[in-house]
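Structural characterization, general
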Number of protein chains: 2
Amino acid sequence: MKPSIPKGTRDFGPVETARRNYIFNTIRDVYALHGFRQIETPALENLSTLLGKYGEEGDKLLFKVLNSGDFLSKVTDAELAERDIPRLAARICEKGLRYDLTVPFARYVVQHREELQMPFKRYQIQPVWRADRPQKGRYREFYQCDADVVGSDSLLNEVELVQIMDDVFRRFGIRVSIKLNNRKILTGIAEVMGAADKIIAITVAIDKLDKIGLDAVNEELRTAGICDDAIAKLQPVIGLAGTNEEKLRTMRAVLKDSEVGLKGLDEVEFVLNALEALPRPADGSSRNAVELDLTLARGLNYYTGCIFEVKALDVEIGSITGGGRYDNLTGIFGLPGLSGVGISFGADRIYDVLTQLDLFPAEAAQSVRVLFLNFGAQEVARCLVLAQMVRAAGVPAEVYPDTVKMKKQMAYANALGVPFVAIVGEDELRRDIVALKDMRSGEQREVAAGGLLAAIS
Amino acid sequence: MKPSIPKGTRDFGPVETARRNYIFNTIRDVYALHGFRQIETPALENLSTLLGKYGEEGDKLLFKVLNSGDFLSKVTDAELAERDIPRLAARICEKGLRYDLTVPFARYVVQHREELQMPFKRYQIQPVWRADRPQKGRYREFYQCDADVVGSDSLLNEVELVQIMDDVFRRFGIRVSIKLNNRKILTGIAEVMGAADKIIAITVAIDKLDKIGLDAVNEELRTAGICDDAIAKLQPVIGLAGTNEEKLRTMRAVLKDSEVGLKGLDEVEFVLNALEALPRPADGSSRNAVELDLTLARGLNYYTGCIFEVKALDVEIGSITGGGRYDNLTGIFGLPGLSGVGISFGADRIYDVLTQLDLFPAEAAQSVRVLFLNFGAQEVARCLVLAQMVRAAGVPAEVYPDTVKMKKQMAYANALGVPFVAIVGEDELRRDIVALKDMRSGEQREVAAGGLLAAIS
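Residues numbered from 1 in each chain as written. Chains lettered and ligands numbered in written order. Predicted model: local features only at pLDDT ≥ 70, side-chain atom pairs only at ≥ 80, totals over all residues. Heavy atoms only, no water.

Structurally, Asp 11 of chain A can be placed in the segment before helix H1 (14-33). Leave out the neighbours within four places in its chain, and Asp 11 of chain A touches Ile 5 and Glu 16 of chain A together with Glu 40, Thr 41, Pro 42, Arg 107, Tyr 108, Gln 111 and His 112 of chain B. Within polar-contact distance, the side chain of Asp 11 of chain A engages the side chain of Arg 107 of chain B at 2.6 Å. Engagement of the side chain of Asp 11 of chain A in a polar contact is seen with the side chain of His 112 of chain B, the distance being 2.8 Å. (Helix = DSSP H or I, 4+ residues; strand = E, 2+ residues; numbered from the N terminus. Contact = heavy atoms within 4.5 Å. Polar contact = N/O pair within 3.5 Å; in protein donor to acceptor, adjacent residues only side chain to side chain.)

As a further point, take the interface of chain B and chain A. Between chain B and chain A, the contact holds 102 residues from the first and 102 residues from the second. Carbon and sulfur atoms supply 59% of the area that chain B and chain A bury against each other, a total of about 8,500 Å² over both sides. Interface area lost by chain B to chain A is led by Leu 33, Arg 37 and Arg 83 of chain B, which between them contribute 8%. At the junction of chain B and chain A, the tally comes to eight salt bridges. There are 40 residue pairs in polar contact (both at pLDDT 80 or more) connecting chain B and chain A. Its residues placed into classes, the side of chain B that touches chain A shows 55 nonpolar, 26 polar and 21 charged. (Buried area = accessible area lost by both parts, 1.4 Å probe. Salt bridge = Lys/Arg side-chain N within 4 Å of Asp/Glu carboxyl O. Nonpolar A, V, L, I, M, F, W, Y, C, P; charged D, E, K, R; others polar.)

Okay, the side chain of Thr 41 of chain A next. Relative to the assigned elements, Thr 41 of chain A resides in the loop between strand E1 (37-38) and strand E2 (44-46). You can call Thr 41 of chain A buried: its relative accessible area is 2%. In this view, Thr 41 of chain A contacts Arg 98, Pro 104, Arg 107, Tyr 108, Gln 124 and Gln 126 of chain A together with Arg 10 and Asp 11 of chain B; residues no more than four positions away in its chain are not counted. (Buried < 20%, exposed > 50% of the residue type's maximum accessible area, 1.4 Å probe, protein only.)

Next up on the list: the pairing of strand E6 (residues 141-150) of chain B. Residues and elements named next belong to chain B. Taking burial as the measure, the ten residues of E6 include ten buried ones, the bulk of the element. Covered by surrounding structure in E6 are Glu 141, Tyr 143, Cys 145, Ala 147 and Val 149 together with Phe 142, Gln 144, Asp 146, Asp 148 and Val 150, the residues of both alternating faces. In this structure, strand E5 (residues 120-129) lies alongside E6, joined through ten bridges in antiparallel fashion. Bridge assignment links Gln 126 to a residue of E6, and that residue is Gln 144. Direction of pairing for E6 relative to strand E11 (residues 340-345): antiparallel, over a ladder of six bridges. Across the sheet, residue Val 149 finds its bridge partner in E11, namely Val 341. (Pairing = 2+ DSSP bridges.)

Turning next to the nonpolar core. Judged by nonpolar contacts, the single largest core of 262 residues is most densely connected at Phe 345 and Phe 372 of chain A together with Phe 345 and Phe 372 of chain B. With residues up to four places along the chain from it excluded, the contact list for Phe 372 of chain B reads Cys 383, Leu 386, Ala 387, Val 390, Ala 397, Glu 398, Val 399, Tyr 400, Ala 422 and Leu 452 of chain B. Among the nonpolar cores identified, the runner-up in size contains 14 residues, and Ala 43, Phe 63, Val 65 and Leu 97 of chain A belong to it. (Core = buried A, V, L, I, M, F, W, Y, C linked by side-chain atoms within 4.5 Å.)

Each copy of the chain is related to the other by a rotation around an axis and a translation along that axis. For these two chains of identical sequence, chain B goes onto chain A by a turn of 180° and a shift of 0.0 Å along the axis, with RMSD 0.1 Å. In symmetry terms, the pair is related by a two-fold rotation axis. In terms of proximity to the rotation axis, the leading residue of chain B is Val 65 of chain B, whose C-alpha is 2.2 Å off the axis. (Least-squares fit on C-alpha atoms with pLDDT ≥ 70 in both.)

What follows covers the sheet that holds strand E15 (residues 433-438) of chain A. All names here are of chain A. Strand order in this open sheet of five strands is E13-E12-E14-E15-E16, and the pairing throughout is mixed. Two strands close off the open sheet at either side, each with one partner strand: strand E13 (397-399) and strand E16 (444-448). Taking each pair of neighbouring strands and ignoring which way they run, the sheet shows an average axis angle of 25°. Of the strand pairs in this sheet, strand E12 (residues 370-372) and E13 are connected by three bridges, and their pairing is parallel. Its bridge partner being in E13, Leu 371 is matched across the sheet by Glu 398. (Axes fitted to C-alpha atoms, helices over the stretch in contact; angles between N-to-C directions.)

Here we take up the state of the cysteines. Simply put, the disulfide is a covalent bond whose two ends are the sulfur atoms of two cysteines. Tallied over the entire structure, the rule returns zero disulfides over all chains. The thiol of Cys 93 of chain A is not disulfide-bonded; the next cysteine sulfur, from Cys 93 of chain B, is found 6.9 Å away. (Disulfide = S-S within 2.5 Å.)

It is worth spelling out the pattern of salt bridges at this point. Taken as a whole and assessed by the stated rule, the structure comprises 66 salt bridges over all chains. For Arg 391 of chain B, the salt bridge is made with Glu 160 of chain A, and the minimal N-O distance between the two is 3.2 Å. Here Arg 391 of chain B, found in helix H16 (residues 377-392), pairs with Glu 160 of chain A, found in helix H7 (residues 156-172), and the two come from separate chains. The class for Arg 391 of chain B is buried, based on a relative accessible area of 5%. Its relative accessible area of 6% is what places Glu 160 of chain A among the buried residues.

So this is what it looks like as structure tokens:
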């Protein structure tokens, strides 16, 4: 019976792991460049921390960990017979696997508030677990790559997060559109529609514009009890086009009577202007476009200010990064009034985009620079010394451990994609040279032992 | 109510995370330098993969994950009423958290055998979970840092692993003794004692020499049913002293009639000689001593050839790295005959040693090089441009996001340990300069905007 892993989980082999590390390290480097500091929280959290934070559906998707020892010791026979599943689960499980990085972060901030200097800029790159139905591109164990600033209301944080998204995708070589919206603008729209209480239905519906089209959105608004008059008022907003300046001008007219709506427009304008004033990238590349997109609502009712979303331009795929500003992150843990703003890179989707566009750099593979073949005890003793010399210069090198047929050793070199193979046989040993084979060109030449490092660098 | 995390788990703040990354990255760099390739396996494994692999005690220490949905659907009322805890656990949990990296690796090798090129040199740095009673230095969630070679019987693998241990600890600046033994020598000793069937009791007892002393070891051997004659024969072995050469010479005499014992001595001698022939470290530092230690048995009955253990010389602490050769890693998953050899660095103990000896490098903290203070909209606009210029050179920089009192901003700079603070007020803005404060010396000087990067580098 072939062993297997739970559905929705994955093994990552050497090549995949190297490529994933390339993604994580790129994101990490940019976060650190902007002064975000990494933290790590445990995979296991108390269920009391997790339950009730992700809605009823989310509670069902939490992986719960069975208490150790006699997990039934405090459960009565009557309770068992009742088979009240959620209740019983709560009695036999105290811990669960984290579902995202946001709730553990909120818990962390409250638990460690005395030690933290505000504003606190943290990033976190760790796996999360969800008992979702696995399907293409959706896993039960996957990484999130979050950065958040808490304890600062300044819009400069939004500016910085857009800079980060732009920089990360330029490093990847992925052309993207960075979409920007503001929950306050959406609130303003609902206000002028005379449907302020329907804000959630409105944002949920217009968020679907890309997927289901205008007619279906309008139908959904009607079903939500929004009158035709109000829906008519919404049309110019949904169909809004032009440059950011043009959109802002139109919206200032539409929202002229909504204080909150105008505030949202001011915020967006501030962020766009601040980005505009930044110097162009030094490498001459152009920055990714930042586009005001009023249809962007990101389902979540969570955001209270700016909302971000990144779409790849050259691949058909959903959002590859998202985020926004939220109020009261930590209120649920007893520390109210702390606002934050954050983003999250979707590592799995970025992996797919980089694969489809063939953008992984060659270095994002794991292979030594040179493999020394093994022709016997005496020859290999020399190879050990040479390999150590190469490694001392920081260049990865490997000695084939077994004295087996050359064909087998070369098959190993090929499978690993090693750029150079070094051969020290009886003759080379006597002459203190190395026969060096360039595996890409197929050429083989003799180099003095002392010149090996230069020859492979 | 202050939120908390499950006992035995930990939050790692920015400084701890940076220091842990320094440890992981150092180990990773050395593994990669030797051609080991990183893989990652899921935290969640099928319980069928994990159960029965760690002994009865280990099975109890597995964290089991409750099945999603109606976990009782296939459990009858009779089964519930019976309260057979292990049986019920198996009925309501299919998955568990990995307990170590070795069993998932064995499972990985068997599952992916068609894709793998042997010998397969892999490393893996991931957390594991154990429902152990938490105590000082023992956690329920902790990282392991393993490297193994499978599919090669060559002793050059042992040589390479010792090189790796030596290199890693030299990079850390931790002076260590690398202890080497061989299970075959222990078997040989049991043979010449006429107590071959007591090999386990003998190794378990002599492994305790350091902890309980010679008398207690002899008492334990007696309790295990080993006769005084045999115990007498063991004394010169336990008390063995001198250089490796002297020990080998003595042992060749003691084990002259044991084929397996002599084989073990040959293996140890080969590894010691190969290491001896390697060039000295280029930086002039001396290599860590490798010492034949016949009392080293590492509890586990698991090892079949060389056994390694590393002890720090300047700190009282247990083993900080260990490993050895084992046969038949993958037999339990249906792929017999695959031998392997591996090591595992104890990251938590290494962290403690580095802390006690104050050896963490200053770079193993997370702080930007320069913090720009915020004196208002106009001034900060200039700072955003300057910060971006600094970052373009790869130097981390941060702009304080809020226009608040300077005292508060300086407190932030101090708390983060930022080396430089850049001040752009009204006057500096007009003169296109920056007032740059060196936070270590306390000195402040004016630098032209164009000279900022050089001034902080």
